[in-house]
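Examination of the molecular architecture
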Protein chains: 2
Amino acid sequence: MNKTVEFILKRRSVRNFLDKMISEEELQTIIKCGLYAPSAKNRQNWHFTVIKDKEKIDEISQQAVEGMKKIGLDKANDCHIFYHAPLVIVISSKLEGYSEINAGCVVENMAIAAKSMGIGSCIIGQTRYLYQQAPKADVNSLLKIPNNYEHDVSICFGYPNEEEKDAHPRKEKVVDYIR
Amino acid sequence: MNKTVEFILKRRSVRNFLDKMISEEELQTIIKCGLYAPSAKNRQNWHFTVIKDKEKIDEISQQAVEGMKKIGLDKANDCHIFYHAPLVIVISSKLEGYSEINAGCVVENMAIAAKSMGIGSCIIGQTRYLYQQAPKADVNSLLKIPNNYEHDVSICFGYPNEEEKDAHPRKEKVVDYIR
């Protein structure tokens, strides 16, 4: 098993981070790996919003919690959707087909690159709940999502404040063959 | 730059394959890396159909081309949506939220693992066009997609029959910061 396969198999969502920003070089490597994801017809029709401002991260989390409460999802008031990670990246795309598949490739590239550098990450879908509590234009402005782009997903990063754990056991019998 | 980051940055869709199956060990590593993708709430609610039967691969491609023609997409009759790759994996999911993001993570894990082993891959969305030319139940039966699962995307693999090329240049000005 080569190191790359090992990192892929050992990646696991991290939800407990040190209160310390990753280095600028590490950040730029993570961004670059996201940019090098495949995209349908090589459109690269995505946008990344990189958020290092702790107050802004907290505000976004708080608004997501408000949105969840508004649609009846039971979330404690002190829930932090980014687990107090020091860095968040929001992915958005032009809607030209396959944008969520593309966005999945983007965040997975970022997550594996992070793992290979000893950085933890967690993919976060809950930023979509911001749209439950404020007009779309306001949310897109807060998240710096460009005009005509749609929110896809977010991912947060930081140095893990926990021991490395193995990935969860995988479900069995999910592969069929046509030989 | 570590080797994993290098593979991520050098991965590029391959559309020209040797007429030779990858080894069973390589195949199982690729499948395992797909299975170790993250999924929303760790549901792992996906299914993989691994297709090594050349006649079946050709049949699926032909039906996709029929579907494309039926909705007016101009595709030559000799188009092969898998570029005659010897191996195809079709990803499907239960619809429980975020399934396309999850599927993107699955195929990207597979693509990077393949790259790290010298195997080329291309993510293929066009299997969705099969549903344009036959009833859903028939297509799902052909693709061995389980009941209550939905087609997400496919990916094909093989040893590259071309020189390694750099990735396409990336679009600029797609990253904004909130510092």
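Conventions and cut-offs
- Residues numbered from 1 in each chain as written.
- Chains lettered and ligands numbered in written order.
- Predicted model: local features only at pLDDT ≥ 70, side-chain atom pairs only at ≥ 80, totals over all residues.
- Heavy atoms only, no water.
- Helix = DSSP H or I, 4+ residues; strand = E, 2+ residues; numbered from the N terminus.
- Rg over C-alpha atoms; globule rule 2.2 N^0.38 Å.
- Buried < 20%, exposed > 50% of the residue type's maximum accessible area, 1.4 Å probe, protein only.
- Contact = heavy atoms within 4.5 Å.
- Pairing = 2+ DSSP bridges.
- Core = buried A, V, L, I, M, F, W, Y, C linked by side-chain atoms within 4.5 Å.
- Buried area = accessible area lost by both parts, 1.4 Å probe.
- Salt bridge = Lys/Arg side-chain N within 4 Å of Asp/Glu carboxyl O.
- Polar contact = N/O pair within 3.5 Å; in protein donor to acceptor, adjacent residues only side chain to side chain.
- Nonpolar A, V, L, I, M, F, W, Y, C, P; charged D, E, K, R; others polar.

Here's the deal with the overall build of chain A
- Along its length, chain A carries five helices and five strands.
- Going residue by residue from the N terminus, the α and β elements of chain A occur as α-α-β-α-β-α-β-α-β-β.
- Against the compact-globule benchmark of 16 Å for 179 residues, chain A has a radius of gyration of 17 Å, which places it among compact chains.
- Evaluated residue by residue, chain A yields a buried proportion of 54% over its 179 residues.
- A separation threshold of at least 6 residues defines the contact pool for chain A, and within that pool the share at least 24 residues apart is 82%.

A word on the pairing of strand β1 (residues 46–51) of chain B
- Summarising burial for β1 of chain B: six of the six residues are buried, a large majority.
- Of the two faces of β1 of chain B, the one carrying W46, F48 and V50 of chain B and the one carrying H47, T49 and I51 of chain B are both buried.
- Bridge count between strand β5 (residues 175–178) of chain A and β1 of chain B: four bridges; the pairing is parallel. Residue pairing for β1 of chain B: D176 of chain A is matched across the bridge by T49 of chain B.

Topic: the side chain of K115 of chain B
All names here are of chain B.
- Here K115 shows up in helix α4 (residues 99–116).
- Assessed through its relative accessible area of 17%, K115 is described here as buried.
- Beyond its immediate sequence surroundings of up to four residues, K115 is in contact with F7, K10, R11 and E164.

Some details on the environment of I119 of chain B
Residue and element names in this part refer to chain B.
- Following the sequence through the fold, I119 ends up in the loop between α4 and β3 (120–124).
- In this structure the C-alpha to C-alpha distance between I119 and K165, which are 46 residues apart in sequence, comes to 13 Å.
- With sequence-adjacent residues up to four places away left out, I119 is seen in contact with I22, E26, I30, A114, F157, G158, Y159 and P160.

Notes on the nonpolar core
- One finds I89 of chain A together with I89 of chain B to be the most contacted residues of the largest nonpolar core, which totals 68 residues.
- Non-local contacts of I89 of chain B, meaning those with residues more than four positions away in its chain, are made with L27, I30, I31, F48, T49, V50, M110, V153, S154, I155 and F157 of chain B.
- Core analysis: the next-biggest nonpolar cluster, separate from the first, contains 27 residues, I57, I60, M68 and V88 of chain A among them.

A short note on the interface of chain B and chain A
- Counting residues at the interface gives 64 residues for chain B, matched by 64 residues for chain A.
- Three residues stand out in chain B for area buried against chain A, namely Y36, R170 and I178 of chain B, and they jointly supply 14% of the buried area on that side.
- Linking chain B to chain A there are one salt bridge.
- One salt bridge in this structure joins R179 of chain A and E24 of chain B, with 4.0 Å as the shortest N-O distance.
- The tally of links between chain B and chain A comes to 37 residue pairs in polar contact (both at pLDDT 80 or more).
- Those elements that place two or more of their residues in the side of chain B that touches chain A are α1 (3–10), α2 (24–35), β1, α4, β4 (149–158) and β5 (175–178) of chain B.
- Broken down by class, the residue content of the side of chain B that touches chain A amounts to 33 nonpolar, 14 polar and 17 charged.

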